[in-house]
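Chain by chain, the residues:
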Amino acid sequence: MRPFAPMGPGDRLLAVTTLGFDIAGLELFLPLVSGATVVIAPQDAVGDPLALASLIQTHEVTVMQATPASWRLLADGTDARWPGLRALCGGEALGASLAQRLLDRGVDLVNVYGPTETTIWSSALLLEGRAGDGSTVPLGYPIANTRLRILDAHMEPVPAGAIGELWIGGEGLARGYVGAPSLTAAAFMPDPFAGPIAGARLYRTGDRVRRRSDGTIEFLGRRDQQLKIRGFRVEPAEIE
């Protein structure tokens, strides 16, 4: 993730994510391996936009990662500007309107995407001034050591512009689901496109996507009824 969130000894990342959420790993380790400083936000400040804005200003924060819901809370609750702040946004689809609001506040916005099974992120896109014309921001390009495959129902690659399902391969894949071999077998499969890479696998995301003419991947929804609420995955079937 370093190319999308470059940091050094002069940088400070404001960590706002609970440790039970996988993306907290980036907030703790990426600054430390880069020589930067981690500023851990008090839990009662995470839901308070004025408190968050104050922390950003007081600690001269240069990097912050949060879900779209948290960024929306911050944008709605304060009129502050954050010129040069590297803002990582992920956990659920990033709406183009929210992205544009953040860009207008002066941030360097990065849309990040990745299921928990491919912890932490799998793709990223640095937005250059405009959020684009779609309803949501594209998922971007694979990060280092990651492969993104768009396949049809027969596990065949689809051409650019055609809708398929996103499969993810690379070093970030989990081993599987603990104590659930049948679920693991259904979601993790050998990668038929990996060539000489021994043991390479793909994870089936369930996300419907297509590759745009610029090479970025556009999210089009789920093949099932799974929801994301404040970045947390919800399976309606389990609730039923």
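Predicted model, so just to flag it, every value in this text is computed and none were measured.

A few points about the overall build of the protein chain
Phase 1: Secondary structure assignment for the protein chain yields 7 helices and 14 strands.
Phase 2: Taken over C-alpha atoms, the radius of gyration comes to 18 Å for the protein chain, in line with the 18 Å a tight globule of 240 residues would show.
Phase 3: Relative to its 240 residues, the protein chain shows a buried fraction of 46%.
Phase 4: Considering only contacts in the protein chain between residues 6 or more positions apart, those separated by 24 or more positions represent 56%.
Phase 5: When the accessible surface of the protein chain is split by element, carbon and sulfur atoms take 54% of a total near 12100 Å².
Phase 6: A distance of 3 Å separates the average location of the 22 positive side-chain charges in the protein chain from that of its 26 negative side-chain charges.

Some details on the layout of surface pockets
The method is simple in principle: a probe with the dimensions of a water molecule rolls over the atoms, and the space it marks as empty is what remains.
Phase 1: A volume near 470 Å³ is recorded for the largest pocket.
Phase 2: Where the lining of the largest pocket is concerned, the elements lending two or more residues are α6 (181-187), β11 (201-211), β14 (232-234) and α7 (236-239).
Phase 3: A total of 4 residues in the lining of the largest pocket trace back to one element, the largest contributor, which is β11.
Phase 4: Considering only residue class, the lining of the largest pocket consists of 7 nonpolar, 3 polar and 8 charged.

Digging into the packing of helix α3 (residues 49-58) against helix α4 (residues 68-77)
Phase 1: Relative to each other, α3 and α4 sit at 90°, their axes nearing to 8 Å. Relative to α4, the element α3 is oriented roughly perpendicular. Contact residues: Pro49, Leu50, Leu52, Ala53 and Ile56 in α3; Leu73, Leu74 and Gly77 in α4.
Phase 2: Residues that form the contact of α3 with α4 fall into these classes: 7 nonpolar, 1 polar and no charged.

Some points on the sheet that holds strand β1 (residues 12-15)
Phase 1: If you walk across this open sheet you meet the 7 strands as β2-β1-β3-β4-β5-β6-β7, and the pairing is mixed. Single-partner strands in this sheet number two, and they are β2 (37-40) and β7 (141-142).
Phase 2: By the bridge criterion, 4 bridges tie β1 to β2 in an arrangement that is parallel. Bridge pairing in β2 places Arg12 opposite Thr37.
Phase 3: Running at roughly 120° to strand β3 (residues 63-66), α4 makes contact with β3 and β4 (86-89) of the sheet.

Remarks on α3
Phase 1: Listed in full, the buried residues belonging to α3 are Pro49, Leu52, Ala53, Leu55 and Ile56. The buried side chains of α3 occupy one side of the element, clustering within an arc of 160° when seen end-on. Set apart from the buried face of α3 by more than 90 degrees, the exposed residues are Leu50, Gln57 and Thr58.
Phase 2: Buried residues belonging to α3 abut β1, α2 (43-46), β3 and α4.
Phase 3: Residue Asp48 occupies the N-cap position of α3, its side-chain oxygen lying 3.0 Å from the main-chain nitrogen of Leu50.
Phase 4: In the segment just after α3, Glu60 is the residue with positive phi, at about 50°.

Focus: the nonpolar core
Soluble, globular proteins show a tendency: their nonpolar side chains are buried together.
Phase 1: Ranked by size, the top nonpolar core spans 31 residues in total, and within it Leu14, Val16, Met64, Trp71, Leu74 and Leu109 carry the most contacts.
Phase 2: Ranked by residue count, the leading element in this core is helix α5 (residues 96-104), at 5 residues.
Phase 3: Discounting residues that sit within four places of it in the chain, Met64 has contacts with Leu14, Val16, Leu52, Ile56, Trp71, Leu74, Leu85, Arg86, Ala87 and Leu88.
Phase 4: With 18 residues, the next largest nonpolar core counts Val63, Ile120, Trp121 and Ala124 among its residues.

With respect to the pairing of strand β5 (residues 108-113)
Phase 1: Of all 6 residues in β5, 5 are buried, a share of seventy percent or more.
Phase 2: Relative to β5, β4 runs parallel, the two being bridged by 4 bridges. In the sheet register, Leu88 faces β5, and the bridge partner there is Val110.
Phase 3: Where β5 lies against strand β6 (residues 123-126), 4 bridges are found, and the strand directions are antiparallel. From the neighbouring strand, Tyr113 faces β6, where its bridge partner is Ser123.

What counts, and at which threshold
- Residues numbered from 1 in each chain as written.
- Predicted model: local features only at pLDDT ≥ 70, side-chain atom pairs only at ≥ 80, totals over all residues.
- Heavy atoms only, no water.
- Helix = DSSP H or I, 4+ residues; strand = E, 2+ residues; numbered from the N terminus.
- Rg over C-alpha atoms; globule rule 2.2 N^0.38 Å.
- Buried < 20%, exposed > 50% of the residue type's maximum accessible area, 1.4 Å probe, protein only.
- Contact = heavy atoms within 4.5 Å.
- Areas by Shrake-Rupley, 256 points an atom, 1.4 Å probe, with all protein chains shown as cover.
- Lys, Arg positive; Asp, Glu negative; His and termini not counted.
- Charge placed at Lys NZ, Arg CZ, Asp CG, Glu CD.
- 1 Å grid on protein atoms, 1.4 Å probe; cavity = no way out; pocket = protein on both sides within 12 Å on 5 of 7 lines; lining within 4 Å.
- Points joined across faces, edges and corners; volume = space filled by probe spheres on them.
- Nonpolar A, V, L, I, M, F, W, Y, C, P; charged D, E, K, R; others polar.
- Axes fitted to C-alpha atoms, helices over the stretch in contact; angles between N-to-C directions.
- Parallel < 35°, antiparallel > 145°, perpendicular 65-115°, else oblique.
- Pairing = 2+ DSSP bridges.
- Arc of directions from axis to C-beta.
- Polar contact = N/O pair within 3.5 Å; in protein donor to acceptor, adjacent residues only side chain to side chain.
- Core = buried A, V, L, I, M, F, W, Y, C linked by side-chain atoms within 4.5 Å.

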